[in-house]
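Here is what each chain is made of, one letter per residue.
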Amino acid sequence: MARYIFIVSLRHRTLYDYLLQRFSDDPNAQVILDRRRGGRRLAEISGVLERRRTDRRQQPDVSEELRRRSVAVVTIP
Amino acid sequence: MSQQENLRIIREAFEAWNAHDVDRYAALLDEGYVEETHTRPTPVRGREAARAAMQEYLRVLPDLHFDLDVMITSGDQVFTRWLVTGSYRGESMSRPSSGRQLEESGCTLSKLGEGGIVHVWHYWETDHILRHVAAQ
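Below is a summary of the structure that appears in this document. (Residues numbered from 1 in each chain as written. Chains lettered and ligands numbered in written order. Predicted model: local features only at pLDDT ≥ 70, side-chain atom pairs only at ≥ 80, totals over all residues.)

## Focus on the overall build of chain B
Scanning chain B from N- to C-terminus turns up four helices and six strands. For chain B, the succession of helices and strands along the chain, N to C, is α-α-β-β-α-β-β-β-β-α. Considering chain B as a whole, with its 136 residues, one finds that 24% of them fall into the buried category. Long-range pairs, those at least 24 residues apart, make up 51% of the contacts in chain B with a sequence separation of at least 6. (Helix = DSSP H or I, 4+ residues; strand = E, 2+ residues; numbered from the N terminus. Buried ≥ 20, exposed ≤ 12 C-beta atoms within 10 Å, placed from the backbone. Contact = placed C-beta atoms within 7 Å.)

## Some details on the sheet that holds strand E1 (residues 29-37) of chain B
All names here are of chain B. Spatial strand order, E2-E1-E6-E5-E4-E3: six strands in an open sheet with mixed pairing. At either margin of the open sheet sits one strand with a lone partner, and together these are strand E2 (44-45) and strand E3 (65-74). Of the strand pairs in this sheet, strand E5 (residues 101-113) and strand E6 (residues 116-124) are connected by eight bridges, and their pairing is antiparallel. Directly across from Leu112, in E6, lies its bridge partner Ile117. Helix-sheet contacts for helix H1 (residues 3-18) involve E3, strand E4 (77-87), E5 and E6, and the interaxial angle to E3 is about 165°. (Pairing = 2+ DSSP bridges. Axes fitted to C-alpha atoms, helices over the stretch in contact; angles between N-to-C directions.)

## A word on the interface of chain A and chain B
Tallying the contact residues gives 12 residues for chain A and 13 residues for chain B. Where the side of chain A that touches chain B is concerned, the elements lending two or more residues are helix H1 (13-22) and strand E3 (71-75) of chain A. Ranked by residues supplied to the side of chain A that touches chain B, first place goes to H1 of chain A with four residues. For the side of chain A that touches chain B, the per-class residue count stands at six nonpolar, three polar and three charged. (Nonpolar A, V, L, I, M, F, W, Y, C, P; charged D, E, K, R; others polar.)

## Some thoughts on unusual backbone geometry
Residue and element names in this part refer to chain B. For His20, which is not glycine, the phi torsion reads 55° and is therefore positive. Take His20: it is sitting in the loop between H1 and helix H2 (22-26). Judged by local crowding, His20 falls into the partly exposed class, with 17 C-beta atoms found within 10 Å.

## Re the pairing of E5 of chain B
Residue and element names in this part refer to chain B. Of the pairings in the sheet, the one linking E4 to E5 comprises 11 bridges and is antiparallel in character. Its bridge partner lying in E5, Leu83 is registered against Ser105. Once E5 ends, the chain turns through two residues before running back antiparallel as E6.

## So, the sheet that holds E3 of chain A
Residue and element names in this part refer to chain A. With mixed pairing, the three strands of this open sheet are ordered in space as E2-E1-E3. Strands with a single pairing partner mark the edges of an open sheet, and in this sheet they are strand E2 (29-34) and E3. Shown here is a sheet whose adjacent strand axes are inclined to one another by a mean of 20°, direction ignored. Where strand E1 (residues 4-9) lies against E3, five bridges are found, and the strand directions are antiparallel. Along E3, the bridge assignment pairs Tyr4 with Thr75.

## Some words on the pairing of E3 of chain B
All names here are of chain B. Here E3 runs beside E4; their pairing, made up of nine bridges, is antiparallel. Opposite Phe66, over in E4, you have Val84 as the bridge partner. The turn linking E3 back onto E4 is made up of two residues, and Gly75 within it adopts a positive phi angle of 60°.

## Section: the environment of Ser105 of chain B
Relative to the helices and strands, Ser105 of chain B resides in strand E5. Under the C-beta neighbour-count criterion, Ser105 of chain B is labelled partly exposed, with 18 such atoms within 10 Å. Here the alpha-carbon distance between Ser105 of chain B and Gly46 of chain B, two residues 59 residues apart in the chain, equals 26 Å. Contact partners of Ser105 of chain B, with chain neighbours within four places excluded, come to Arg69 of chain A together with Trp82, Leu83 and Glu125 of chain B.

Taken by themselves, the reported measurements are silent on function.
Now the structure itself:
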């Protein structure tokens, strides 16, 4: 299981391609392009996090981050 | 080098940028240093070229400042997400000094080796600053 998930906004495909290339051999990192239309992908990621953290208040608001920034990073403890 | 040491070096590199200390930054670079961005076809190669590139950024944006909000280390790589601020002060024949404020975000992926920072790739979320620096 990856320790870090890089979720890249669909608007920043160049960044996605680069991170995917650079982390392709790294088992600690996973790079995802946010292709979702209805939030399904992030719902899956939130599910992963929910199983690993007990405090929901610590969950990153990935959707909000991706509205403002090119990439959101989720760390899995 | 350990991942903690890699993090320390990259943190120091951004501190050197924020201190506008070109020598301190250059001292962290490997002899074979390469710096790329996605919008420029020609990479910066070597310490002296990196020093010149940094000086150019600081000439155009004399109060350039990076705020780091995410740092991730994995293997020999460090991912850093940042917000950069500054005000344009550089002048050129084609574009007068404006004092206009810059606030732009992006990230940097750095690869480290025994000699320090070997390779960095900067991703600017727009190419506004790069166009401005190139115009000087």
